[in-house]
Amino acid sequence: MTDEMIVDLYFERDERAIEETSQKFGAYCTKISMNILGDIADSEECVNDTYLQAWNSIPPNRPEGLAAYLGRITRNLSINRYRAKYADKRAASQFGVSLDELDDCIPDADTLDRNLSSKELGALISSFLREQTASMRKVFVLRYFHGESVTDIAIRMGYSESKVKSILHRMRGKLKLRLESEGVAI
Amino acid sequence: MKNELLVRAISEIDPDLIEEAAAVKPAAKFSYRKLASIAASFVLIITAFIVFAGLPGNSYVSIYGTELSSGASVFNAELTPSIARYSAEETVVTVMIPLEISARGKTTVKTEDENGYAEMLDEAGNILKCGSAFEITENTSFIWYINVSESDSEKKLNIIRENSTETVTVKYDFSTNTFTAVFSE
């Protein structure tokens, strides 16, 4: 079943939409959640919540890319759960490590005062990513959106782990400079 | 948390960028196990080929049922008087050489002498093919006729395959009415 057909089921309020979503995107969403939480029970709950949120938000939304739409919901729900669960300390999950890495992207200057919403900042990051090569972009998104480990990215991309680390390091540095040049305060 | 906004913002990146990354399939990895299975299959195929078709480049050639080798084998000659000829200078006789060749795939048998002649026969003795050159594809019996004289007593027959040529060399001895045959690659 195509993504459009599944979205149509949501619009028709047909409960098969959930079943089809689960069949087609269940594994994808579970992987994202597992990368963040590292716990299958928590991940399954997040994925079920994802279906519920999709049911409640389509309509009115009509996502162009259903995978990305569901992935985004799963990611946000999993981050919420991660924050609640590890309020005081960071878990030793891949996500915890990637959070530490993202500190490198935060601009140094204290005088930056351009406050953006997460949506606006997301658009800026998208624009930054489009200026990079496709392979560098993929490595970045796999790491910081999908929460994949460096090892998994290396296998998927056919690179060595050190090459993946090097790409991520350079990308973080570039993103930091870009945010500083835009005057973004984080 | 300092990077909270950044973490949330990454959730908001364009859908096509998310799907582009998600579509990356694991790259093909070099696998020793895969290589080993390919090698094993290759060995099996070669073994089967050798068992059923014999080693390439190594024909089996026999005369009167005796396998020829690189050493000389001596045979009593059987002449065919009906086609023996006499020239002004010397006697020319025709020696009949019954050959059996095990062909390895597509093989051409060709007399070195352009005027040479051979006949491929079936079990009943009927002529299937004849001439100075013809193709054989399996174990084949045929008769090679050589016209020899005192001054020209050595004749050659080439067994030609795709990448190799083997030769049967026959030398007739008028004094003993025998011929020696040598098989060489």
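Residues numbered from 1 in each chain as written. Chains lettered and ligands numbered in written order. Predicted model: local features only at pLDDT ≥ 70, side-chain atom pairs only at ≥ 80, totals over all residues. Heavy atoms only, no water.

## Some thoughts on unusual backbone geometry
Residue and element names in this part refer to chain A.
So, step 1. With an omega of -15 degrees, the peptide bond running from Ile58 to Pro59 counts as cis.
So, step 2. Structurally, Pro59 is set in the loop between helix H3 (40-57) and helix H4 (66-85).
So, step 3. Going from Pro59 to Pro60, the amide bond is cis rather than trans, its omega being 10 degrees.
So, step 4. When you line up the elements, Pro60 lands in the loop between H3 and H4.
So, step 5. Positive phi, normally seen in glycine, also occurs at Arg13, with a value near 55 degrees.
So, step 6. Its location among the elements puts Arg13 in the loop between helix H1 (3-11) and helix H2 (16-37).
So, step 7. For Arg13, a relative accessible area of 36% corresponds to the partly exposed category. (Helix = DSSP H or I, 4+ residues; strand = E, 2+ residues; numbered from the N terminus. Buried < 20%, exposed > 50% of the residue type's maximum accessible area, 1.4 Å probe, protein only.)

## What about the interface of chain B and chain A?
So, step 1. Contact residues are listed per partner, giving 26 residues for chain B and 43 residues for chain A.
So, step 2. Buried surface at the junction of chain B and chain A, both sides included, amounts to about 3300 Å², of which 62% is carbon and sulfur.
So, step 3. Measuring nitrogen to oxygen at the nearest pair gives 2.8 Å for the salt bridge that ties B:Asp16 to A:Arg130.
So, step 4. Counting the contacts that link chain B with chain A gives 13 residue pairs in polar contact (both at pLDDT 80 or more).
So, step 5. Those elements that place two or more of their residues in the side of chain B that touches chain A are helix H1 (4-11) and helix H2 (15-22) of chain B.
So, step 6. Residue classes in the side of chain B that touches chain A are distributed as 15 nonpolar, two polar and nine charged. (Contact = heavy atoms within 4.5 Å. Buried area = accessible area lost by both parts, 1.4 Å probe. Salt bridge = Lys/Arg side-chain N within 4 Å of Asp/Glu carboxyl O. Polar contact = N/O pair within 3.5 Å; in protein donor to acceptor, adjacent residues only side chain to side chain. Nonpolar A, V, L, I, M, F, W, Y, C, P; charged D, E, K, R; others polar.)

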